[in-house]
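Chain and residue survey
If you want the building blocks of each chain, they are given just below.
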2 protein chains.
Amino acid sequence: MYIALDLESEEPIYTQLKNQIIAGIAKKELRSGDPLPSVRSLASDLGINLHTVNKAYQQLKQEGFILIHRQKGVVVNPDGVPSVDEAYWSEITKRIHPIIAESVCRNVTEQDFLQLCRQIYAEFQSKE
Amino acid sequence: MYIALDLESEEPIYTQLKNQIIAGIAKKELRSGDPLPSVRSLASDLGINLHTVNKAYQQLKQEGFILIHRQKGVVVNPDGVPSVDEAYWSEITKRIHPIIAESVCRNVTEQDFLQLCRQIYAEFQSKE
DNA sequence: TATCTGTTATACATATAATATAACAGATAG
DNA sequence: CTATCTGTTATATTATATGTATAACAGATA
């Protein structure tokens, strides 16, 4: 799986890395049980520090996307990513809310906004 | 217009303030030409520093939500907030993308996601 | 035994967030 | 004219976040 980082971006490197791995899982380029590189090798490949990769991995682990075994290394959660629950639902509501507020102010119609969401959803199902 | 800040939140204070003003405009609690408090009085009311308010105001000004006249004070943009353009469209795409990636991983259906967006959209049109 | 793993601990540099004062220039009310 | 309020700018300080750099430890493996 290809990962491209923008070192000039305001978005922290560990966040970019995290989001690209999540996108990889969403696109099924990464499947349950698939191995991920070790923190050291991935850091080396990307030309960044071991701790930056580790921070991304730790958060992915904490959120249930991956498991980290002392023996087996790092793998995409074999049981699948935990499904939506109440806490997650309220979290994405909080994240979407300000985006929609802005869109309303800028005269983005509900239809245009929903169409954009459909388009992005489609992007994650193209390989199924 | 009532503003509630969470000083314990990870979200910066100036971002909370900015988003609540934008939400106020979206809900039409704030209309074109309406005055906003001076940086000093708002800072005093909220119990925060003048510069924190100023930072929020400067960004709102830079993004076209408000105007700041030396004479007339701070007002919601009398010409209305600039409508969506290509740059803004690509920006919200970037912001929504990782949210949808996560939702796909967590088995949030497209229908459920769209329904949430509709619900939030409705919240901003309840007073029209 | 040597090497690779995740993990932890320090240390350092830089940037951001938030506060605290202070001052300036323009406008306004008394 | 004077005093006050406006946005703005400039410094300084504190705390936290980000990213890097080394180093070490313990478990697993070849």
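In this report, the structure presented in the accompanying data block is examined. (Residues numbered from 1 in each chain as written. Chains lettered and ligands numbered in written order. Predicted model: local features only at pLDDT ≥ 70, side-chain atom pairs only at ≥ 80, totals over all residues. Heavy atoms only, no water.)

**Structural notes on helix 5 (residues 110–123) of chain B**
Threshold: Helical segments are the DSSP runs of H or I of at least four residues, strand segments are the runs of E of at least two, and each set is numbered from the N terminus. Here the expected length of a helix is defined as 1.5 Å per residue gap, with one fewer gap than residues. A 1.4 Å probe rolled over the protein chains alone gives each residue an accessible area, and that area as a share of the maximum for its type sets the label: buried under 20%, exposed over 50%, partly exposed in between. To obtain the arc, one takes the directions from the helix axis to the C-beta atoms. Contacts are assigned to residue pairs with any non-hydrogen atoms lying within 4.5 Å of each other.
Between its first and last C-alpha, helix 5 of chain B extends 20 Å over 14 residues, near the 20 Å set by a 1.5 Å rise per residue. Those residues of helix 5 of chain B lying buried are B:Phe113, B:Leu114, B:Leu116, B:Cys117, B:Ile120 and B:Tyr121. For helix 5 of chain B, the angular spread of the buried residues around the axis is 155°, confining them to a single face. Exposed positions of helix 5 of chain B whose direction lies more than 90 degrees from the buried face are B:Gln111 and B:Gln119. On its buried face, helix 5 of chain B is in contact with helix 4 (86–105) and helix 5 (110–123) of chain A together with helix 4 (86–105) of chain B.

**Some remarks on the protein's contact with DNA strand D**
Here is the rule we go by: One heavy atom within 4 Å of a molecule or strand makes the whole residue count as near it. Whenever two N or O atoms come within 3.5 Å, that pair is a polar contact, provided that in protein one can donate a hydrogen and the other can accept it, and provided that, for residues adjacent in sequence, both atoms are side-chain atoms. For this classification, the nonpolar set comprises Ala, Val, Leu, Ile, Met, Phe, Trp, Tyr, Cys and Pro, the charged set comprises Asp, Glu, Lys and Arg, and every other residue, Gly included, is treated as polar.
In the region of DNA strand D, 21 residues are neighbours, and A:Ile13, A:His51, B:His51, B:Gln58 and B:Arg70 sit closest. The protein-proximal atoms of DNA strand D, defined as those within 4 Å of the protein, are 54% sugar or phosphate. The separation between a base oxygen of DNA strand D and a polar side-chain atom of A:His51 is 3.2 Å. At a separation of 2.7 Å, a phosphate oxygen of DNA strand D approaches a polar side-chain atom of A:Thr52. Where the surface near DNA strand D is concerned, the elements lending two or more residues are helix 1 (13–26) and helix 3 (50–62) of chain A together with helix 2 (39–46) and helix 3 (50–62) of chain B. Split into classes, the residues belonging to the surface near DNA strand D amount to 7 nonpolar, 8 polar and 6 charged.

**Describing the interface of chain A and chain B**
Definition in use: When two components associate, each loses some accessible surface as probed by a 1.4 Å sphere; the sum of these losses over both components is called the buried area. Basic side-chain nitrogens of Lys or Arg form a salt bridge, by our definition, when they fall within 4 Å of a carboxyl oxygen of Asp or Glu.
Taken together, the contacts link 42 residues of chain A with 42 residues of chain B. Counting the surface lost from both chain A and chain B, the interface buries some 4600 Å², and carbon and sulfur atoms represent 70% of this. Across the chain A-chain B interface, the total number found is 2 salt bridges. Put simply, B:Arg95 and A:Glu102 hold a salt bridge, and the shortest N to O gap is 3.2 Å. The tally of links from chain A across to chain B stands at 20 residue pairs in polar contact (both at pLDDT 80 or more). The set of elements that each furnish at least two residues to the side of chain A that touches chain B consists of helix 1, helix 4 and helix 5 of chain A. Looking at which element gives the most residues to the side of chain A that touches chain B, the answer is helix 4 of chain A, with 15 residues. In terms of residue class, the side of chain A that touches chain B is built from 26 nonpolar, 8 polar and 8 charged.

**Observations regarding the sheet that holds strand 1 (residues 35–36) of chain B**
All names here are of chain B. Quick reminder of the rule: A pair of strands is considered paired only if DSSP assigns at least 2 bridges between the two. Each axis is a line fitted through C-alpha atoms, and for a helix only the stretch in contact is used; angles between axes span 0 to 180 degrees, taken between their N-to-C directions.
Read across the open sheet, the 3 strands follow the order 1-3-2; overall the sheet is antiparallel. The outermost strands of the open sheet, each flanked by one partner alone, are strand 1 and strand 2 (66–69). The pairing of strand 2 with strand 3 (residues 73–76) spans 4 bridges and is classified as antiparallel. Residue pairing across strands places His69 opposite Gly73, the latter belonging to strand 3. Packed on one face of the sheet, helix 3 meets strand 1, strand 2 and strand 3 and runs near 115° to strand 2.

**Here's the deal with the sheet that holds strand 2 (residues 66–69) of chain A**
All names here are of chain A. Taken together, 3 strands build an open sheet; the order of strands is 1-3-2 and the sheet is antiparallel. Because the sheet does not close on itself, it has two edges, and the strands there are strand 1 (35–36) and strand 2. Strand contacts of helix 3: strand 1, strand 2 and strand 3 (73–76), with the helix running at about 115° to strand 2, the strand carrying the most contacts.

It is worth stressing that arrangement in space is one thing and function is another; only the former is reported here.
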